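Structural overview for review
Spelled out, the chains give:
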Amino acid sequence: MSLNVLGVASSMRNVSYSTKILQDALDSAKQHGAETRLLSLKDTKLPLYSPEGISSPELDKVTDDVKWADAYILASPDYHGSMSGTMKNFLDYFWTEFAGKTFGYVCASHEKGLTVMDQMRTAVRQCYGWSMPYGVSVNSDLDFDSNGNPSEQVKSRIKTLGRDIAAYGKVISKQFKDDVTGNDTDTFAARYR
Ligand SMILES: Cc1cc2nc3c(=O)[nH]c(=O)nc-3n(C[C@H](O)[C@H](O)[C@H](O)COP(=O)(O)O)c2cc1C
């Protein structure tokens, strides 16, 4: 069984640290057998979410990517200790689609990005997604050389993240799908039958 991993980039910058490490994490997941896609919310601009219904070609594309994915890596800059508005707007569109799926996190921050990643985790938990227990944060030019290449330490962390999302994503995806198609009522997956 191959695992589909969607990377979601939410920086509006053309040269973005969070998007760069997201791409590296996807490359690592691919090396560990996953299929990968990168969704850049800078290039595919979602309208502001409204519960009263929205239709747009961009939303169709994003919905297709979200449904395709078994696991996600969410990438955000640190904006005032929070995720970017772009990421929050993306998350607002989906909930049942996230259930039983595994999430990894990367962040560009000057302050380790812990509050940013925790806020993304909170949103994902509300939708019954499974979050990896750690994330990777990078601190702009401290962690990158003048050519934009990450330090060896960051490279190593990102490789681990890509490996772990491929490995743990597979386990959780299989169990969730088995539980949805099975008869056991003593599982949270039963509500998605
Ligand atoms: C509106 C705004 C708010 C920011 N707030 C914070 C902050 O609270 N803490 C922090 O460490 N960095 C903050 N930053 C800096 C960005 O997190 C940093 O530049 C990061 O590298 C941007 O990510 P990107 O390279 O992926 O675009 C802020 C930047 C902007 C534009």
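Reading guide: rules and limits
- Residues numbered from 1 in each chain as written.
- Predicted model: local features only at pLDDT ≥ 70, side-chain atom pairs only at ≥ 80, totals over all residues.
- Near = placed C-beta within 6 Å.
- Helix = DSSP H or I, 4+ residues; strand = E, 2+ residues; numbered from the N terminus.
- Nonpolar A, V, L, I, M, F, W, Y, C, P; charged D, E, K, R; others polar.
- Pairing = 2+ DSSP bridges.
- Right-handed = clockwise from strand over helix to strand, strands pointing away.
- Buried ≥ 20, exposed ≤ 12 C-beta atoms within 10 Å, placed from the backbone.
- Arc of directions from axis to C-beta.
- Contact = placed C-beta atoms within 7 Å.

1. Brief notes about the site of the ligand
Taken together, 16 residues lie around the ligand, and Ser 11, Ser 18, Pro 77, Ala 108 and His 110 are the ones closest in. By residue number, the principal contributor to the shell around the ligand is helix H1 (residues 17-31), which donates three residues. In terms of residue class, the shell around the ligand is made up of four nonpolar, nine polar and three charged.

2. Considering the pairing of strand E2 (residues 35-40)
Summarising the sheet, strand E1 (residues 4-9) and E2 pair through six bridges and their orientation is parallel. Bridge pairing links Ala 9 to Ser 40 in E2. Remark: the E1/H1/E2 crossover connection has right-handed handedness.

3. Let's talk about helix H3 (residues 85-92)
For the α-helix, the turn length of 3.6 residues means that residues three or four positions removed from each other point alike. Within the sequence span of H3, burial applies to Thr 86, Met 87, Phe 90 and Leu 91. The arc that holds every buried residue of H3, seen down its axis, measures 135 degrees, which confines them to one face. If you follow the buried residues of H3, they end up packed against E1, strand E3 (71-77) and helix H4 (114-126).

4. Regarding unusual backbone geometry
Of note in this structure, His 80 is not a glycine but carries a positive phi near 55 degrees. With respect to the helices and strands, the residue His 80 is situated in the loop between E3 and H3. Its identity is not glycine, yet Lys 112 carries a phi of approximately 75 degrees, on the positive side. By secondary structure assignment, the location of Lys 112 is in the loop between strand E4 (102-108) and H4. The exposure class of Lys 112 is partly exposed, given the 14 C-beta atoms found within 10 Å.

5. Considerations on the environment of Asp 178
Tracing the sequence through the fold places Asp 178 in helix H6 (residues 152-181). According to the C-beta neighbour criterion, Asp 178 is exposed, with 12 such atoms within 10 Å. C-alpha separation for the pair Asp 178 and Ala 189, spaced 11 residues apart in sequence, amounts to 9.0 Å.

6. As for the environment of His 110
Within the secondary structure, His 110 sits in the loop between E4 and H4. The exposure class of His 110 is exposed, given the 11 C-beta atoms found within 10 Å. In this structure the C-alpha to C-alpha distance between His 110 and Asp 184, which are 74 residues apart in sequence, comes to 46 Å. Apart from residues lying up to four places away in sequence, His 110 is in contact with Asn 139 and Ser 140.

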